[in-house]
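Residue-level structural notes
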Number of protein chains: 2
Amino acid sequence: MRDVALRAGVSVKTVSRVFNDDPHVLPETRDRVSDALAQLNYTPNMLARTFRDGRSPVIGVAVPSISDPFFASIVGGVEQVASRHDMSVVVTSLGGEGAHEEGRVESLLKRQLGALVMAPTADDQGYLARWAGKLPLVFVDRPPRGLDADCFVEDDEGGARAATAHLVGRGHRRIAFIGNSTSASTTASRLVGYRAALAEAGLPADEELVQLSSLTSGGALRAVQRLEALEAAPTALFSSDAETTMALVPALVGRRLAITAFGDFPMAAMLSPALTVVDQDPASLGRLAAERAVARLDGPLESPAQHVTLPVRLLERSSCRSPQDLVELFPWTVPDGGGRVVWESPRP
Amino acid sequence: MRDVALRAGVSVKTVSRVFNDDPHVLPETRDRVSDALAQLNYTPNMLARTFRDGRSPVIGVAVPSISDPFFASIVGGVEQVASRHDMSVVVTSLGGEGAHEEGRVESLLKRQLGALVMAPTADDQGYLARWAGKLPLVFVDRPPRGLDADCFVEDDEGGARAATAHLVGRGHRRIAFIGNSTSASTTASRLVGYRAALAEAGLPADEELVQLSSLTSGGALRAVQRLEALEAAPTALFSSDAETTMALVPALVGRRLAITAFGDFPMAAMLSPALTVVDQDPASLGRLAAERAVARLDGPLESPAQHVTLPVRLLERSSCRSPQDLVELFPWTVPDGGGRVVWESPRP
DNA sequence: TTGTAAGCGTTATCAG
DNA sequence: CTGATAACGCTTACAA
């Protein structure tokens, strides 16, 4: 920039003005500077600009796993809004366990983010209190614990209750709940909804029917086997999240069960039978969170936190027959661990 | 930081030293500073540090769409490596069309990225020449055009040839190619592979059988209908990418065709029939690209560009019967546009 | 309309 | 071992 100023015979401040389209520059001067700019093909150093005003035009996004399609959609939504506001998006995966959350998030925060959007994995976000006044913190999918902040979640309890009631309406009386650990608050809320539906139908809440399995396909299979071994085995399943459902599907091959799941996912409609699911809208979640963050950035940081619950919809497909009418699930598929390698690229 | 120095009765430089574990500090001084640090709960300003050394510890990732599971996995791979090296990841979606590429990428670059990993969508990356000397540029999935740079792609041609040959081996003689626009170099290479397989089998290259459809499910359906209307309709399809395949699946409901696809995707093994696919490894692609970027960051920027082609594998599942033995595809599914809404959360 | 000076938070340099 | 000073590139406040 100094070089440009020198070449154009002006001060650096004038160069800065030209760059920022400050109207108080003589057209003639402007041209001279523009020429110099072009000749040296000067690129402004955003880092310096950013440093100067102390906050970077960056929205941080922290999610359990960036490669999970659900969270990838949230990130996509955030990115869409961010780019409209000339902000970038930095992402961080937290891992499922919550152990890394604080470290990962703190290291993001140290970079003077403009705002943070996060789906927490740890049990407590109290450590964020010291940041709360400095930048907008917006939670998505899961509310914060030990901290009050803006939050966009979906109607976990209502959706789970509707999905369970749907199975009850089909005549099922033994309905299992399968989900990952209740450390995720979404799972806890869905469990509440599930139990509410059973209670409303006057069905007993049998704890044996609640399986908090790990998310591997092996774990899902074991959970299903435990359920089958029960004296009064369930005729239907409610799966608490898309990740669990995807792990569960291979375990259900050839079995006879009805199933309803929280969370749609690619190809759920093309399975055989097509899965009846509670449909969420992760992209909107991301967009709304980002918009809230941007609004806080412009306006006052301190107004009371908003807690928004987005509606979800129960999408009926064909996976919920009545107990008498149950059919084999996924009858055509071959549960061979994903296929047989019949060719491979030659290695160099 | 000045406050800390004041409180500890030392200079800011000493505070800095304590912070950076500089050994040349008396233990006693160190303790005093540490106390002050804790009491004021000082947080180092990474932005300033970063500004000072002129380059930010950030890897930029530019992909067509962050919410596409394939690219989300690439981002996940990059992020994994980045976090091992204490770097963050900023992501940007380019959109399928290439029109926004230059703008989006330039605005990333202006932020003094440490390195850039990208899957280009435009026809030409010549505009990046001025950046090539300043930071590592690493391409993934698709090679750059109009620029030489490090590049990690998968064996598109070989995989497509194997997948097509697999269909030929099952007795198919009329095999269609469906993909998105050949502006993506991956599609172009796969088309080459497809043609090579036909040529090797002595089959004619009928241009009517090559359908470059748009990626919507309606577009896929029209492409299939055009193929069916052909005088000599195909008995088998080769789908050129996962996005196309996912759009295609609903269009194939109840039809009789064999199908092979480039690119695995969640639940492909659970469709009925399970899809035979060319399996890629996007997470590795991302990891390798990031590792290369980091290596260039440490070592010399200027060594010759490396072009690496990763092997792919053909995963046989059940979607490739012989023409005589063809069955209805996805017979159980209900092509009702994804389901019927039977319940919705009450709106506030 | 243009220029000067100061400062954002950190670290390298070099002197003490 | 510790400290003063300058510098990174840019912009704001103020002066000319």
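Below, the structure is looked at part by part. Note that this is a predicted model, so its numbers are computed, not measured. (Residues numbered from 1 in each chain as written. Chains lettered and ligands numbered in written order. Predicted model: local features only at pLDDT ≥ 70, side-chain atom pairs only at ≥ 80, totals over all residues. Heavy atoms only, no water.)

**So, the sheet that holds strand β4 (residues 137–140) of chain B**
- Spatially, twelve strands are ordered β11(A)-β5(A)-β4(A)-β3(A)-β1(A)-β2(A)-β2(B)-β1(B)-β3(B)-β4(B)-β5(B)-β11(B) in an open sheet, and the strand pairing comes out mixed. For this open sheet the edge positions go to β11 (307–310) of chain A together with β11 (307–310) of chain B, each flanked by a neighbour on one side alone. Within the sheet, the average angular offset between the axes of one strand and its neighbour, ignoring direction, is 20°.
- Taken strand by strand, helix α6 (residues 101–109) of chain B contacts β1 (58–63), β2 (88–93) and β3 (115–118) of chain B, and its axis lies near 155° from that of β3(B). (Pairing = 2+ DSSP bridges. Helix = DSSP H or I, 4+ residues; strand = E, 2+ residues; numbered from the N terminus. Axes fitted to C-alpha atoms, helices over the stretch in contact; angles between N-to-C directions. Contact = heavy atoms within 4.5 Å.)

**Regarding the protein's contact with DNA strand D**
- Taken together, the neighbourhood of DNA strand D is formed by 25 residues, with K13(A), Y42(A), R49(A), T14(B) and T29(B) sitting nearest.
- Protein-proximal atoms of DNA strand D, defined as those within 4 Å of the protein, fall in sugar or phosphate at a share of 60%.
- Taking R52(A), its side chain carries an N or O atom lying 3.0 Å from a base oxygen of DNA strand D.
- Within the backbone of L26(B), a nitrogen or oxygen atom sits 2.8 Å from a phosphate oxygen of DNA strand D.
- Only α2 (12–19) and α4 (46–52) of chain A together with α2 (12–19) and α4 (46–52) of chain B provide two or more residues apiece to the surface near DNA strand D.
- The element that contributes the greatest number of residues to the surface near DNA strand D is α4(A), accounting for four residues.
- Broken down by class, the residue content of the surface near DNA strand D amounts to ten nonpolar, eight polar and seven charged. (Near = heavy atom within 4 Å. Polar contact = N/O pair within 3.5 Å; in protein donor to acceptor, adjacent residues only side chain to side chain. Nonpolar A, V, L, I, M, F, W, Y, C, P; charged D, E, K, R; others polar.)

**Observations regarding empty space enclosed by the protein**
- Scanning all chains against the criterion turns up three cavities of 30 Å³ or more.
- Approximately 290 Å³ is the volume attributed to the largest cavity.
- L47(A), S56(A), V58(A), S56(B) and V58(B) are the residues nearest the centre of the largest cavity, which is lined by 21 residues in total.
- Classifying every residue of the lining of the largest cavity gives 13 nonpolar, six polar and two charged. (1 Å grid on protein atoms, 1.4 Å probe; cavity = no way out; pocket = protein on both sides within 12 Å on 5 of 7 lines; lining within 4 Å. Points joined across faces, edges and corners; volume = space filled by probe spheres on them.)

**So, the protein's contact with DNA strand C**
- Not every one of the 23 residues close to DNA strand C is listed here, only the nearest: T14(A), H24(A), T29(A), N45(B) and R49(B).
- For DNA strand C, the backbone portion of the atoms within 4 Å of the protein, that is sugar and phosphate, comes to 61%.
- Side-chain polar atom of H24(A) to a phosphate oxygen of DNA strand C: 2.6 Å apart, as the coordinates give it.
- In this structure, a base oxygen belonging to DNA strand C sits 3.2 Å away from a side-chain N or O atom of R52(B).

**Observations concerning the pattern of salt bridges**
Residue and element names in this part refer to chain A.
- A complete count under the given rule lists 28 salt bridges over all chains for this structure.
- With a shortest N-O distance of 2.8 Å, R313 and D279 are connected by a salt bridge. Within this pair, whereas R313 is found in strand β12 (residues 313–316), its partner D279 is found in strand β10 (residues 276–279), the two being separated by 34 residues in sequence.
- Exposure remark for R313: the relative accessible area of 30% places this residue in the partly exposed category.
- The buried category is assigned to D279, whose relative accessible area is 14%. (Salt bridge = Lys/Arg side-chain N within 4 Å of Asp/Glu carboxyl O. Buried < 20%, exposed > 50% of the residue type's maximum accessible area, 1.4 Å probe, protein only.)

**Some words on the pairing of strand β8 (residues 236–239) of chain A**
All names here are of chain A.
- Because side chains alternate across β8, one face comprises the buried residues A236 and F238, and the other comprises L237 and S239, equally buried.
- Bridge analysis of strand β6 (residues 175–179) against β8 gives four bridges, and the strand direction is parallel. Its bridge partner being in β8, A176 is matched across the sheet by L237.
- Across four bridges, the pairing between β8 and strand β9 (residues 258–262) is parallel.

**Topic: the relation of the copies chain A and chain B**
- Superposing chain A onto chain B takes a rotation of 180° plus a shift of 0.1 Å along the axis, which leaves an RMSD of 0.2 Å. Interpreted geometrically, this transformation is the action of a two-fold axis. If distances are taken from each C-alpha of chain A to the rotation axis, the shortest is found for V90(A), at 2.0 Å.
- Both copies share a contact surface, since 99% of the interface residues of chain A are interface residues in chain B too. (Least-squares fit on C-alpha atoms with pLDDT ≥ 70 in both.)

**Let's talk about unusual backbone geometry**
Residues and elements named next belong to chain A.
- Residue S272 is joined to P273 through a cis peptide bond whose omega torsion reads 5°.
- One non-glycine residue, Q112, lies in the positive phi region at around 55°.
- One can find Q112 in the loop between α6 (101–109) and β3 (115–118).

**Describing α2(A)**
Residues and elements named next belong to chain A.
- When α2 is considered as a whole, its buried residues turn out to be T14, V15, S16 and V18.
- Elements that come into contact with the buried residues of α2 comprise α1 (2–8) and α3 (27–39).
- One or two steps after α2, the chain reaches D21, where phi turns positive at roughly 55°.

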